[in-house]
Every structure is written in structure tokens, then in C-alpha cells.
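# A closer look at the structure
Letter by letter, the chains look like this.
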Amino acid sequence: GYRVSLQGNFFGCNQTYMAFLEYNPRKHIKLDPPLNIQSNATASKCQIWWSVWNVPWYLTEILQYELQYKEHSMSWEVAMNKTLPSSLPQVEIEATELRSGIAYAARVRCKVSENENSYHSQWSEWSQTTVFKRADVPKVSEKILNIKTMQYLLIPLSFGTLLYLFWNCKLSSRYWCFLTLGQKASPALTFPRQLLSFSHSIVCTMGILR
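Because the structure is a prediction, the values reported are computed rather than measured.

Reading guide: rules and limits
Residues numbered from 1 in each chain as written. Predicted model: local features only at pLDDT ≥ 70, side-chain atom pairs only at ≥ 80, totals over all residues. Heavy atoms only, no water. Helix = DSSP H or I, 4+ residues; strand = E, 2+ residues; numbered from the N terminus. Buried < 20%, exposed > 50% of the residue type's maximum accessible area, 1.4 Å probe, protein only. Contact = heavy atoms within 4.5 Å. Areas by Shrake-Rupley, 256 points an atom, 1.4 Å probe, with all protein chains shown as cover. Pairing = 2+ DSSP bridges. Axes fitted to C-alpha atoms, helices over the stretch in contact; angles between N-to-C directions.

## What about the overall build of the protein chain?
Looking only at helices and strands, the protein chain features four helices and eleven strands. Across the 210 residues in the protein chain, those meeting the buried criterion constitute 27%. Long-range contacts, defined here as pairs at least 24 residues apart, represent 63% of the contacts in the protein chain between residues at least 6 apart. Carbon and sulfur atoms provide 56% of the accessible area of the protein chain, an area that totals close to 15100 Å².

## Points about unusual backbone geometry
Although it is not a glycine, Asn 36 adopts a positive phi angle of roughly 55°. Structurally, the position occupied by Asn 36 is in strand E4 (residues 35-41).

## Points about the environment of Arg 26
The topology assignment puts Arg 26 in the loop between strand E2 (13-23) and strand E3 (29-30). Taking the C-alpha atoms as reference, Arg 26 lies 10.0 Å from Asn 117; in sequence the two are 91 residues apart. Setting aside anything within four residues of it in sequence, one finds Arg 26 in contact with Ser 118, Tyr 119 and His 120.

## Digging into the sheet that holds strand E9 (residues 103-112)
Pairing within the open sheet is antiparallel, and its four strands lie in the order E7-E6-E9-E11. Whereas interior strands pair on both sides, the edge strands pair on one side only; in this sheet they are strand E7 (80-83) and strand E11 (130-133). On average, adjacent strands in this sheet sit at an angle of 25° to one another, irrespective of strand direction.

Structure representation (C-alpha cells):
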């Protein structure tokens, strides 16, 4: 370590003030702020990355970063802060943390990790800001949405009709005789035939919608 003292002339007398009896530079580090901060936002997440400058190689792997971001029109006093768990100069923000269509500003600062015993530093100054906006989720067109809705409604209806036919509309041999001889069937016997025709119409409609 080093001994740091201050000397000066106070009221006509030379005096020495001992600032640090033992000064260790490794315990008093302040790094330069990160540079070249950039961002890329999609509908699912926002990626932010940056670089560090004038940092010794043996410190780059033990750096700690803090990210700060906010809505562009808001003050930094209400910004969100995140201490990043990795020493990599990058971070991702999930889309659920961002409002769609709103511009955001982000910045980052660094220091030596608090888990490191050999070195100690204070936070650097904040970097320059990067501005980004979450991309909107593509909207399904109204026509496609209506077609899908109709399909979802017709599928259970058609299956319900077919189940009704199979379980409750058993044609008797007498009914088939009436059809063969060309005689008029009763309304109770012609009802299953109407259901078959209705079911056929539903299937044809689903084919058109697709």
C-alpha cells in the first residue's frame, strides 16, 4: 500500500495532513462508464448490449453491471433498476415488462463485483442512453378471425348432430319399406333424413370456410 499525505501552508505555517495511513489502489477503483450501448426490440423481448473501455483484462471477468430503464418521457427518478447477475456486457428485457407502443430509454453502469475480495470499486458514471420501443404483436385480420370463429362453432354442432343421429334415430325396417314402395313416410320417420341433410350442409359450409 501507499501512504498519502497532504501538505500546505495554513496561516503562515507549513502543515502536513495525513489523508491515508495505508492506501491500496486496488481498493479504490472507479471505472469509466460503458460505451456504445445499443438495443434491439422485438415483440417478445428487448436485447441491450454495450462495451467497456480502459478496463484491464483481469477486471473484465469480475465486473458487475446495473441496468436502468424507463419510459422515455419519464424522469430517471422513477426508472427501473436491475443488477445483472452476469459479467457479460448484455441483457434481455422480457416483453411483459414493457408497454406496447411506448418508447423507452436505457443506460448502464459498472463496477467490480461485490463478491470480489481482491478489488473494490464504486459505481462508474452512467453510460449514454439507448432508446427502443417494443414491436407490436401482429394482429390477425378480421376476416380470418371470423372464419376461425365459424369453424369453432360448426365443429361441435356437426358432431352433436351426428351423435344424435346414431344414438336416437335408428331407422326401422318398416321405414325402409316405405321408402322402397314410394309411400309417404310419417313426420317422425322423415326427421332423421332431415338431420342427415342438415349435417351434410354443415360439412359443406366448413369446407367453404377453409
